[in-house]
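Coordinates in review
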Amino acid sequence: MPDSRPQPPSDSWPSPPGPPPADPAPLLLCGARLTDGRTVDVRLDGGRIEAVGTAGSLAADGTRAAGTRVDLTGYLLLPAPVEPHSHAATALSADADGPVSYEPGSVRRRATEAVLLQLGHGATALRAHVRVGDLAGLGALTAVLEAGRSLRGLAELTTVAMPRVLTGVAGAEGLAVLRDALKMGASVVGGCPDLDPDPTGYVEAALEIASEHGCPVDLHTDAADPARLARFAAMAGGLRPGVALGPCGGLAALPAELAARTADRLAAAGVAVVCLPQGGCGAVDAHAAAPVRLLRSAGVRVAAGSGALRDVSNPVGRGDPLEAAYLLASCQGLSAEDAYATVSASARAALGLPEVRVEAGFPAELLAVRGEALPGALSLAYSRIVVHGGRVVARTSAVREYCDSAGTAAPGLPRQGRGPA
């Protein structure tokens, strides 16, 4: 089984944190299998997919060298997943003695390690929800922003500023802190209206500030109150660049007809739902996962996030997008293709990121997973190669070996999957 801890860089890759080369060298991915069954070579240049051809056809085109070669024999090549809902400031704090430390140095170390862990899983872009005001002040946000800058070129980290209260006398400070957070570099307005004495007023304030700054809104809500959720949808409808709600687990407890009407309202308003199939997070009460099939059938864009990564809300959280997809396929009956879309195409759209396909002209944001087809990759996705901005930024290699029946090591022990590890 793989060691999930970030490892120091080797001589060749992944590169240490810091700015990427101004112009990454061309990269040729050889012998990769696509989900349609084809085996192809893929040439990357300038951060984009330059060409896709049959295996062996792109080694050289007569006018240029192919560049560095990466053998992907035995791997399935996919658009890279993204992480639409993480909590980098509190990640990896489950074993801490006492309350979570918001000391900037501690937050920066945890956030950096958390992003590297999730990058190793394949997430080349992440959205982190960070508390502002109260005990955290703006120190936690500053630390997460610094972590994001230090990791630029390995992964793209954006931040959601989460004030606790935005209404009444106490809300005046929250509004001021939120505006300061956006000036500092937070790019999304967030928070948890369910915790405000006036949830509707909270949403109104959040939408107003987001409109002023031209930024998205991403709010925590359990969605257990359908009337309140309908008001949210009515207020949010048409806001650009977009509104997301999550984890919305309370929808699963509603009567089917009421849940369907609520889903229809969200779809009409263009509100995306970010579910958390691996478990919730501390901002809302724990409930079952959102009813993803119901939401999708209503036309709601559904993305799947990881939520808590080994903090008090989920001490065993993995932060693995492929596990989120696996759980949706295993527990909610989605096809492997639809489940993977919730962590890739739908998640990218919810975050306002450009579409990725394994086709010429698209961004070179890719994940290679050992396996021959998507269901198997979601089931046993141990070995992975991650491409961001047209260069390999992370690799996990897993080898499984067995002893013979006599308990002694046998020669030529079988390895996990096919091809070289």
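Residues numbered from 1 in each chain as written. Predicted model: local features only at pLDDT ≥ 70, side-chain atom pairs only at ≥ 80, totals over all residues. Heavy atoms only, no water.

**A short note on the overall build of the chain**
Each helix and strand in the chain was counted, giving 11 helices and 16 strands. Looking at the chain as a whole, 53% of its 421 residues are labelled buried. Counting only contacts in the chain whose residues sit at least 6 apart along the sequence, the fraction spanning at least 24 positions is 73%. When the accessible area of the chain is evaluated, it comes to approximately 17800 Å², of which 53% is carbon and sulfur surface. (Helix = DSSP H or I, 4+ residues; strand = E, 2+ residues; numbered from the N terminus. Buried < 20%, exposed > 50% of the residue type's maximum accessible area, 1.4 Å probe, protein only. Contact = heavy atoms within 4.5 Å. Areas by Shrake-Rupley, 256 points an atom, 1.4 Å probe, with all protein chains shown as cover.)

**Thoughts on the confidence of the model for the chain**
Per-residue confidence for the chain averages 88 on the pLDDT scale, and 87% of its residues sit at or above 70. For residues 1-18, every residue scores under 50 in pLDDT, and the model assigns this stretch 28 contacts once sequence neighbours within four places are set aside. (pLDDT = per-residue confidence, 0-100.)

**Thoughts on the pattern of salt bridges**
Counted under the stated rule, the structure contains 14 salt bridges. Measuring nitrogen to oxygen at the nearest pair gives 2.6 Å for the salt bridge that ties R43 to E50. Overall, the relative accessible area of 32% leaves E50 in the partly exposed class. With a closest N to O distance of 2.9 Å, R384 and D320 form a salt bridge. Taken as a pair, R384 in strand β15 (residues 384-388) and D320 in the loop between β13 (302-304) and α8 (321-331) lie far apart in primary sequence, 64 residues in all. Residue R384 is classed as buried on the basis of its relative accessible area of 6%. Among the residues examined, D320 registers a relative accessible area of 7% and is labelled buried. (Salt bridge = Lys/Arg side-chain N within 4 Å of Asp/Glu carboxyl O.)

**Points about the nonpolar core**
For soluble globular proteins, nonpolar side chains are generally found buried alongside one another. Among the nonpolar cores identified, the biggest contains 85 residues, and V144, V189, V217, L266, L295 and Y340 are the most heavily contacted of them. Aside from chain neighbours lying at most four places away, what touches Y340 is L78, P79, A80, P81, L322, A325, L367, L374 and L378. By size, the runner-up hydrophobic cluster in this structure holds 20 residues, among which are L27, L29, Y75 and I385. (Core = buried A, V, L, I, M, F, W, Y, C linked by side-chain atoms within 4.5 Å.)

**Side note on the pairing of strand β10 (residues 217-221)**
Of all 5 residues in β10, 5 are buried; the element is thus mostly enclosed. Looking at chain direction, strand β9 (residues 188-191) and β10 are connected through 3 bridges and run parallel. Note that in β10 the partner of V189 across the bridge is V217. Where the polypeptide runs from β9 across helix α4 (residues 199-213) and back to β10, its parallel neighbour, the crossover connection is right-handed. Handedness of the β-α-β unit built from β10, helix α5 (residues 226-236) and strand β11 (residues 243-247) comes out right-handed. (Pairing = 2+ DSSP bridges. Right-handed = clockwise from strand over helix to strand, strands pointing away.)

**With respect to helix α2 (residues 139-150)**
Taking 1.5 Å per residue as the helical rise, α2 with its 12 residues ought to reach 16 Å, and the 17 Å between its terminal C-alpha atoms agrees with that figure. Burial in α2 covers these residues: A140, L141, A143, V144, L145, A147 and G148. If you follow the buried residues of α2, they end up packed against α1 (104-121), β7 (125-132), β8 (156-163) and α3 (168-184). (Expected span 1.5 Å × (residues − 1).)

**Focus: the environment of S57**
Within the secondary structure, S57 is located in the loop between β3 (48-54) and β4 (68-71). Exposure remark for S57: the relative accessible area of 34% places this residue in the partly exposed category. Separated by 15 residues in the primary sequence, S57 and V42 place their C-alpha atoms 9.6 Å from one another. Within the structure, S57 has its side chain in polar contact with the backbone oxygen of T54 (distance 2.6 Å). (Polar contact = N/O pair within 3.5 Å; in protein donor to acceptor, adjacent residues only side chain to side chain.)

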